Amino acid sequence: MPDDFLIRAGLAGVGVALAAGPLGSFVIWRRMAYFGDATSHAAILGVAMALALNLPVLAGTAIVALAMAGTVSALAGRGWAMDTLLGVIAHSALAFGLVAASMIPGARMGLESWLFGDILAVSRSDLAVIWGGAALVVALLAWRWQALLTCTLHEDLAQSSGLNPGRERLILTLALALTVSVSLKVIGALLIAAMLIIPAAAARVVTRTPEGMAMAASGLGAAAALGGLFLSFQQDTPAGPSIVAVAAVIFAVLLAGSALRRGR
């Protein structure tokens, strides 16, 4: 029988994968991979703010991530170059967060867990937050699925159909910010974007419909989380990086299999 901490870790990884799968699919379709990096980097500033103000870390990361998401969405709507904007915000927020954390007594010791994750230290209350946040993200995406998909495929067509592409973009960025906030303790700020992108990229290789890709991405993300935990337990490797490494192997295997099938 696995120890309780392993069960909690596995449930936490699966919870993150459920939200990251469909959200990562939109990240790929919209070519927003850099946005995931920027949001996760900005979350470190939220950690520093929460520690300085004696707030729950989730509250600090959520405030900063949501503020960044809203800012990026608003500026992108006014014609700013997205890659430049995200580059400035991502690196600036990470730098300010690390500098601020270095000034807080005792914060340096726990900073590595926020950067690379500490899934084995997930508590029951953390688990409730992760699954609650994941359920909220999945419900939001299910509610706006068709509108988000239409705006992703063709913004002009969506606008002529009465949809507001700017509003749908804001909904997507807010969902991404929430996912980063609840995933920070599990995967870490430097690896969250990988769990958004790699399972969705792997799912794209083996599926033909948007809905199939979203569901497959969640399943592959969950498999990577459980496989990474097994690798970490067996080989005493860092859990967060192990999860991402397993996800990368899954992607490579599926991509190689697809190439072999096409070559026949």
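About the thresholds
- Residues numbered from 1 in each chain as written.
- Predicted model: local features only at pLDDT ≥ 70, side-chain atom pairs only at ≥ 80, totals over all residues.
- Heavy atoms only, no water.
- 1 Å grid on protein atoms, 1.4 Å probe; cavity = no way out; pocket = protein on both sides within 12 Å on 5 of 7 lines; lining within 4 Å.
- Points joined across faces, edges and corners; volume = space filled by probe spheres on them.
- Helix = DSSP H or I, 4+ residues; strand = E, 2+ residues; numbered from the N terminus.
- Nonpolar A, V, L, I, M, F, W, Y, C, P; charged D, E, K, R; others polar.
- Phe/Tyr/Trp six-rings, centres within 6.5 Å; stacked < 30°, edge-to-face > 60°.
- Buried < 20%, exposed > 50% of the residue type's maximum accessible area, 1.4 Å probe, protein only.
- Lys NZ or Arg CZ within 6 Å of the ring centre and 35° of its normal.
- Salt bridge = Lys/Arg side-chain N within 4 Å of Asp/Glu carboxyl O.
- Core = buried A, V, L, I, M, F, W, Y, C linked by side-chain atoms within 4.5 Å.
- Contact = heavy atoms within 4.5 Å.

(A) Quick look at empty space enclosed by the protein. Within this structure, the stated rule accounts for two cavities of 30 Å³ or more. Estimates place the volume of the largest cavity at around 40 Å³. Elements represented by at least two residues in the lining of the largest cavity include exactly helix H1 (4-29), helix H9 (165-187) and helix H10 (192-206). For the lining of the largest cavity, the residue count by class is six nonpolar, two polar and no charged.

(B) Seen up close, the packing of aromatic side chains. Applying the stated criterion across every chain, the model contains three aromatic pairs. Ring centres 6.3 Å apart and planes at 75° place the aromatic pair Trp29 and Trp145 in the edge-to-face group. Taken together, the positions of Trp29 in helix H1 and Trp145 in helix H7 (residues 145-153) put the pair 116 residues apart, joining distant regions of the chain. Judged by its relative accessible area of 14%, Trp145 falls in the buried class. Taken together, the aromatic side chains of Phe26, Trp29 and Trp145 make up a single cluster linked through ring pairs. Between the NZ or CZ atom of Arg144 and the centre of the ring of Trp143, over which it lies, the distance is 5.0 Å.

(C) Looking closely at unusual backbone geometry. Backbone geometry places Asp236, a non-glycine residue, at a positive phi of 55°. When you line up the elements, Asp236 lands in the loop between helix H11 (210-235) and helix H12 (239-263).

(D) Spotlight on H10. Of all 15 residues in H10, 11 are buried; the element is thus mostly enclosed. Turning to H10, its buried residues number three or more, namely Ile192, Ala193, Ala194, Met195, Leu196, Ile198, Pro199, Ala200, Ala201, Ala202 and Ala203.

(E) The pattern of salt bridges, seen in detail. Taken as a whole and judged by the stated rule, the model has two salt bridges. A salt bridge links Glu168 to Arg144; the shortest N-O distance between them is 2.4 Å. With Glu168 in helix H9 and Arg144 in the loop between helix H6 (124-143) and H7, this residue pair connects regions lying 24 residues apart in the sequence. The class of Glu168 is buried, set by a relative accessible area of 0%. In this structure, the salt-bridge partner of Arg167 is Glu168, at a minimum N-O distance of 3.3 Å. Residue Arg167 is classed as partly exposed on the basis of its relative accessible area, which comes to 40%. What emerges from the salt-bridge pattern is a single network uniting Arg144, Arg167 and Glu168.

(F) Region of the structure containing the nonpolar core. Formed by 69 residues in total, the largest nonpolar core has its most connected members in Ile119 and Val186. Sequence-distant contacts of Ile119, that is, excluding residues within four places in its chain, are made with Ala9, Ala12, Gly13, Lys185, Val186, Leu229, Ala239 and Ile243.

Limitation: the analysis is restricted to geometry and does not speak to function.
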